[in-house]
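Structural features, examined
If you want the building blocks of each chain, they are given just below.
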Amino acid sequence: MTCQDLADFLMDYIEGALPQTQRDEFDSHLGACPPCIEYMKSYEETIRMGKTLCDQPDAPIPDDVPEKLIRAILSARAKSAS
Amino acid sequence: MLDETMLLTDLRAGKDAAFEELVRSYGPRLLSVARRFMKNDEDAQDVLQDSFISAFRSLGRFEGQSKLSTWLHRIVVNASLMKIRSQKRRPETSIEELLPQFLEDGHHVDMPSPWKSNPHEELESSETRTLVQESIGKLPESYRTVLLLRDIEGLDTEETAKMLGISSNAAKIRLHRARLALREVLDPHMRGDA
């Protein structure tokens, strides 16, 4: 197994979707290749960073819906209701 | 704290003030959802307007099994995807140049090195949030959309594939390549020695 093989199948490895034989090859490669361990960690961190972007319900929301847009939405509703 | 039940009652009764409260209360968060999908603010604003108009029309069908905010969120995601689909398709940039490069023997061209110890915590900083958002924006559209639906919106592969009209396998492959590319884009900023 090469570093490229590891990158190709990293998602399946992390999700536990690899057959045991291939998983053993992964583990063996990781045991001998510290850069690939760092690569895997940063891949996982990439996923976490994306998720956190959306998972912060308490994060401040910029109050920047333009007043003109709010008026346009309400006006469209008033027209369709009349 | 907004009382959703009362608001819903007033909306169904057609009270103008309730519609205004709905737009003012939920608009900012929904606009930020639309901005994640759309590449410019004008399109995001169009999506928000389309979404609210669609929501107003569908209020009678909203059965209250989910929260109003969740229902509206879903409408914005759908409206964003429709907007992306309706835009004239320009040839998409290739993702190849964003993917990790390897030597003929399969070793990394650029040897991976550790990222900062707690980049996750750094997300509290608005600079890092902006960096992640801008980095996602650099991905080709078909990859960016899959990543947004799976990793950001939290849909599963089957739901993502269905929303995009592609096979589950295609969604899975695109997701992995999108993550690899995003890691590459973030890497220079996140390395511990940066």
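What you see is a predicted model, and the numbers here were worked out from it, not measured in a lab.

So, helix H8 (residues 157-164) of chain B
Residues and elements named next belong to chain B. For H8, the set of buried residues is Thr157, Thr160, Ala161 and Met163. Within H8, the buried residues cover an arc of 165° as seen down the axis, which keeps them to one side. Opposite the buried face of H8, by more than 90 degrees, sit the exposed residues Glu158 and Lys162. Where the residues of H8 are buried, they touch helix H4 (68-86), helix H7 (141-152) and helix H9 (168-190). Regarding H8, its N-cap is Asp156, as a side-chain oxygen of that residue lies 3.2 Å from the backbone nitrogen of Glu158 further along. Where H8 terminates, the next one or two residues include Gly165, which has phi positive at roughly 70°.

Some details on the interface of chain A and chain B
Accessible area lost upon the coming together of the parts serves often as the stated size of an interface. Listed as interface residues are 44 residues of chain A and, on the opposing side, 53 residues of chain B. Among the residues chain A hides against chain B, the three largest losses belong to A:Met49, A:Leu53 and A:Arg77. Together they make up 17% of the total. On the surface where chain A and chain B come into contact, there are six salt bridges. Ionic pairing is found between A:Glu15 and B:Arg150, a salt bridge with its closest N-O pair at 3.9 Å. Here chain A and chain B share twelve residue pairs in polar contact (both at pLDDT 80 or more) between them. Every element with two or more residues in the side of chain A that touches chain B is listed here: helix H1 (3-8), helix H2 (10-14), helix H4 (34-54) and helix H5 (67-81) of chain A. Sorting elements by how many residues they give to the side of chain A that touches chain B places H4(A) first, with 16 residues. Looking at side-chain class alone, the side of chain A that touches chain B contains 25 nonpolar, seven polar and twelve charged residues.

Details of the domain arrangement of chain B
Residues and elements named next belong to chain B. Parsing chain B into structural domains produces domain 1 (4-86) and domain 2 (96-190). The C-alpha-based centres of domain 1 and domain 2 are spaced at 28 Å. If you look at the interface, domain 1 gives twelve residues, while domain 2 gives 14 residues. Interface area, domain 1 with domain 2, both sides summed: about 1,100 Å², of which 54% is carbon and sulfur. Looking only at domain 1, the three residues that lose the most surface to domain 2 are Arg36, Phe37 and Lys39, adding up to 47% of its buried area. The closest approach of N and O atoms between Glu153 and Arg36, which form a salt bridge, is 3.4 Å. Our count for the domain 1 to domain 2 interface comes out at six residue pairs in polar contact (both at pLDDT 80 or more). Where the side of domain 1 that touches domain 2 is concerned, the elements lending two or more residues are helix H2 (16-37) and H4. With seven residues, the top contributor of residues to the side of domain 1 that touches domain 2 is H4. When the residues that make up the side of domain 1 that touches domain 2 are grouped by side-chain class, the tally is six nonpolar, two polar and four charged.

Some thoughts on the environment of B:Glu134
With respect to the helices and strands, B:Glu134 occurs in helix H6 (residues 126-137). Overall, the relative accessible area of 52% leaves B:Glu134 in the exposed class.

Details of the environment of A:Thr2
When you line up the elements, A:Thr2 lands in the segment before H1. Overall, the relative accessible area of 25% leaves A:Thr2 in the partly exposed class. A sequence separation of 27 residues divides A:Thr2 from A:His29, and the C-alpha atoms of the two residues are 7.6 Å apart. Apart from the residues lying within four places of it in its own chain, the contact partners of A:Thr2 are A:His29, B:Asp105 and B:Gly106.

A closer look at the side chain of A:Thr46
Mapped onto the elements of the fold, A:Thr46 is located in helix H4. The buried category is assigned to A:Thr46, whose relative accessible area is 2%. One polar contact links the side chain of A:Thr46 to the main-chain carbonyl oxygen of A:Ser42, over a distance of 2.7 Å. Beyond its immediate stretch of four places on either side in the chain, A:Thr46 contacts B:Trp115, B:Arg179, B:Leu182, B:Arg183 and B:Leu186.

Thresholds applied
- Residues numbered from 1 in each chain as written.
- Chains lettered and ligands numbered in written order.
- Predicted model: local features only at pLDDT ≥ 70, side-chain atom pairs only at ≥ 80, totals over all residues.
- Heavy atoms only, no water.
- Buried < 20%, exposed > 50% of the residue type's maximum accessible area, 1.4 Å probe, protein only.
- Helix = DSSP H or I, 4+ residues; strand = E, 2+ residues; numbered from the N terminus.
- Arc of directions from axis to C-beta.
- Contact = heavy atoms within 4.5 Å.
- Polar contact = N/O pair within 3.5 Å; in protein donor to acceptor, adjacent residues only side chain to side chain.
- Buried area = accessible area lost by both parts, 1.4 Å probe.
- Salt bridge = Lys/Arg side-chain N within 4 Å of Asp/Glu carboxyl O.
- Nonpolar A, V, L, I, M, F, W, Y, C, P; charged D, E, K, R; others polar.
- Domains from an automatic or database assignment.

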